[in-house]
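The lines below spell out each chain.
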Amino acid sequence: MSDKDVDQVTGVETTGHEWDGIKELNNPLPRWWLWTFYGSIIFSIGYTIAFPAWPMISSATTGVLGYSSRADLHADVAAARAAQGGMLEAVTTTPVADIVKDDGLARFARAGGESLYKVYCSQCHGTGATGSVGYPNLNDDEWIWGGTIDQVYATIAHGARSPTDQDTHFNDMPAFGTDGMLTAEDIDRVAKQVASLSGMEGGEATPEGEQLFADNCAGCHAEDGAGMVDVGAPSLNDKVWLYEGTLAALREQIALPRHGVMPAWGARLGDAAVKQLAVYVHGLGGGQ
Amino acid sequence: MTTRNPGMTTHTPDTQTYDVEAVNAAGRRQPLYAPRKKIFPKRASGRFRKFKWLVMLITLTIYYVTPWLRWDRGPFAPDQAVLVDLANRRFYFFFIEIWPQEFYYVAGMLVMAGIGLFLVTSTVGRAWCGYACPQTVWVDLFLAVERFIEGDRNARIKLDAGKWTADKLMKRTAKHATWLVIGILTGGAWIFYFADAPTLLADVVTLQAPLVAYATIALLTATTYTFGGLLREQVCTYMCPWPRIQGAMLDEHSLTVTYNDWRGEPRSRHAKRAAAEGKPVGDCVDCNACVVVCPMGIDIRDGQQLECITCALCIDACDDVMTRLGKEQGLISYATLSDYNRNMALATGSGKVVQPSRVRNPVTGKLVDAIKRTNWRSVIHPRTIVYLVGWIAIGLAMVTALALRTPLSLNVLHDRNPLYVELRDGSVRNGYDVKVLNMAPEMREVELRLDGLPGSTISLVDGGSETAGSLTFTLEPDKVLPVRLYVRVGPESLPASQMPFQIVVSDEAAGITRSVESTFEVPEKRK
């Protein structure tokens, strides 16, 4: 190798690297940095022995401390379970109607139900449970399949028109228009008749409309339009509408009804989760 | 010499060389930290030393005794007079109980402490550093221990320089052991502020206290021992930001420990001989008594300096010497810079050298009356008055706020999603998260009602019937009661738009009513 090249200005040896006449001084590393660096290397050796580190053919070294993030997670979950202090077990064994009566249990179930709701229900019913067109608002006092705690529980557990559940809620409103059961004029008349029940704009009660309603609708929706929870026939004499409260929407729904589907959650989430959800939904303000 | 790139190093007529040296040229680089010189402060005696003992006694007494004071708050709250209850998020201070959301009291105290610091520093200089700072108090205590075990300055210097004999080993062991015990007691006392002191003491002794208690004791033992015993003046000089901040607070009217060179210079160790020879002689006999007592190891005669914590021990030392020499005390004294400058101007006249004859009566040798002596009036000037007024104003505001504070509080949060719910009969319902805070250690019966929302009814979640009147709650002592409140307004009384109203909580028995304004939201299409 060549002789030492010492920079004349600083008196420091250079590395011999040179770019366009600019030479690199070979100053020593700061000692604190160097020792930190050596320390890191020593630490890393111990670390890779103690913890999972080196990739092998099928897995990695496990480390002598036996640490694994999965075990950590399980420990955390177990700790969270333990912190619940048997509340979840109490929810499992207590009938849902009794949970609501027990203040502490109800608070626990409501909190659990709220987080379950955010995961499983909010996609359709909205984060504030306000629903949207075709998806019922769960805050109000209109319940298609009933608003008692047991009815809410049954609806969540078995769903509505769920293809996977034998006990699911089911009904099928005839398509009066597309099936040719009523003429367009009759549909308009009966729509206006229905609108008049709740004082909707454009509503008009006529003898013909009244007759049409009695013949075709009252069987399920009741004579005064109050609906029938047993068959899931919504009430027509109030201000809450599933498919927009307009005359056009009413005509549309009579001619070709839309039928919403809700999954049956009982088999998927388990009974305890459904109970918590029922308590939460029932407590949103409209529970009966 | 061969170069790889001749063009760069060969001087051509176009290039110019400069006569310049790098500021950090290798030849004159200084280490970042000056090597520490050992200091062996000599014991001082005098009024400031007495005052410092008194301050130490008072501050240490407050520190050690406070957690053991009891204050009866009834059956539902701890009876410790001063307690920071982190687990339950409460701070108890005698008759005051502060909840986390009332942190503004602490903020107010911090503001007062800040302005108090301005006030004290601009009047009496670094009095905090010299007398009250824990570092100063503990170092003083540690030095007292050192003196007790190893003797005063000369004995300690001898011991330090001497060989490691059995005697030295014993003394050093005793000293460090005592320091460690003080450290443990310091850390031990600290934890009692955070839990019931008698219970915790029993737990600590029987090894049943939580780990954090032992960790805290260990940490504070380590810091007390290291800072008070080993680092001492290094903490003040290098670690503490306070001296820099306090230095910025000083002005020419602030009291600082001052060597009055207008009467001290020219200093002489042979004053009588010099006087006989007709040379000018000042009062300073250059005995260095001021230097040996200094816990910072500095010479105050070099002028005001960063290291000086104004503990005034050099004043004691010098006064002692002056008295023995039959001279007036105060060669080193608390003085303001402006007074000092006046006296300097008097002593130097038009020249730059101090002339002792200009400040002394030629017959008696006493100092002339024209000398400006610093007294308490010297420190009163607009700046200190402004600080004082500000400090008192904030103090009064806090006392007033405390006096007007009610032990019942109310928080209301209107639901954001949904803002409102339309019901079957056309009425509208709003939801609120209401929190009723009972901030006193006693049971309380309160009524909740609405004010300013006609036609409204209220109900609770799953809580049975609606009412147009009020709901009654029993509040647990010192607890928060969360209430999920539903407010419904029927279609006939529905407001046209968003409607402000009051949620009112009242405790009839105690005569306390708190109300919070919220709004009732209605669907936009009804506008």
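In case you missed it, the structure is sitting above this.
Cut-off values and rules
Throughout this document, residue positions are counted from 1 along each chain, in the order its sequence is written. Just so you know, chain letters begin at A and ligand numbers begin at 1, following the order they were written in. This being a predicted model, a pLDDT of at least 70 is required before a residue's local features are given, and a value of 80 or more before pairs of side-chain atoms are given or counted; all residues contribute to the totals for chains, interfaces and linings. Hydrogens and water molecules were not included; the side-chain quantities draw on all heavy atoms of the structure. Strands are runs of DSSP state E lasting at least two residues, helices are runs of H or I lasting at least four, and both sets are numbered from the N terminus onward. We take the radius of gyration over the C-alpha atoms and set the globule estimate at 2.2 Å times the residue count to the 0.38 power. Relative accessibility under 20% of the residue-type maximum defines a buried residue, over 50% an exposed one, and the middle range a partly exposed one, all with a 1.4 Å probe and only protein chains included. In this description, contact between two residues means that some pair of their heavy atoms is separated by no more than 4.5 Å. Here the open area of atoms and residues is found with the Shrake-Rupley method and a 1.4 Å probe, where only the protein chains shown may cover a residue. The charge count treats Lys and Arg as positive and Asp and Glu as negative. His and the chain ends do not count. The atoms used to mark charge sites are NZ of Lys, CZ of Arg, CG of Asp and CD of Glu. Whether two strands pair depends on DSSP finding at least two bridges between them. Where helices are involved, their axes are fitted lines through C-alpha atoms of the stretch in contact, as for all axes, and angles between N-to-C directions lie from 0 to 180°.

Chemist: Any chance you could break down the overall build of chain A for me, citing the residues and the numbers?
Modeler: Each helix and strand counted, chain A has 13 helices and two strands in total. Since a compact globule built from 288 residues should have a radius of gyration of about 19 Å, the 35 Å found for chain A marks it as more spread out than a globular shape. C-alpha atoms of chain A, sized along the principal axes, occupy 115 × 55 × 40 Å. Taking all 288 residues of chain A together, the buried fraction comes to 36%. Pairs at least 24 residues apart make up 54% of the contacts formed inside chain A by residues separated by at least 6 positions. Of the roughly 17,000 Å² of accessible surface on chain A, 58% is carried by carbon and sulfur atoms. Each charge class in chain A can be summarised by its mean position, and for the 17 positive and 37 negative side chains these summaries are 7 Å apart.

Chemist: Could you give me a rundown of the pairing of strand 2 (residues 22–25) of chain A, with the residues and numbers involved?
Modeler: Residues and elements named next belong to chain A. As defined by bridge partners, strand 1 (residues 14–19) adjoins strand 2 across three bridges and the pair is classed as antiparallel. If you follow Trp19 over to strand 2, its bridge partner there is Ile22. Linking strand 1 back to strand 2 in an antiparallel pair, the connection comprises two residues, with Asp20 at a positive phi of about 50 degrees.

Chemist: Outline the sheet that holds strand 14 (residues 512–520) of chain B, supporting the account with residue identities and numerical values.
Modeler: All names here are of chain B. Read across the sheet, four strands follow the order 11-9-13-14 without closing on themselves; strand pairing throughout is antiparallel. Looking at the sheet topology across the chains shown, the edges are occupied by strand 11 (471–475) and strand 14. Pairwise comparison of adjacent strand axes, ignoring direction, gives a mean angle of 25 degrees for this sheet. Bridging between strand 9 (residues 444–451) and strand 11 involves five bridges; their strand directions are antiparallel. Within the sheet, the bridge partner assigned to Val446 lies in strand 11 and is Phe473.

Chemist: Quick rundown of the sheet that holds strand 3 (residues 96–98) of chain B? Include the residues and the values.
Modeler: All names here are of chain B. One open sheet accounts for three strands, arranged 1-2-3; its pairing is antiparallel. The two strands at the open ends of the sheet, each matched to only one other strand, are strand 1 (82–85) and strand 3. Going from strand to strand, the sheet's axes swing by 10 degrees on average, the running direction of each strand aside. Examined bridge by bridge, strand 2 (residues 90–93) and strand 3 share three bridges and lie antiparallel to one another. Bridged to Phe91 within strand 3 is Ile98.

Chemist: Got a sec to walk through the pairing of strand 4 (residues 255–259) of chain B? Specific residues and values, please.
Modeler: Here strand 4 of chain B lies mainly inside the structure; five of its five residues are buried. Covered by surrounding structure in strand 4 of chain B are Leu255(B), Val257(B) and Tyr259(B) together with Thr256(B) and Thr258(B), the residues of both alternating faces.

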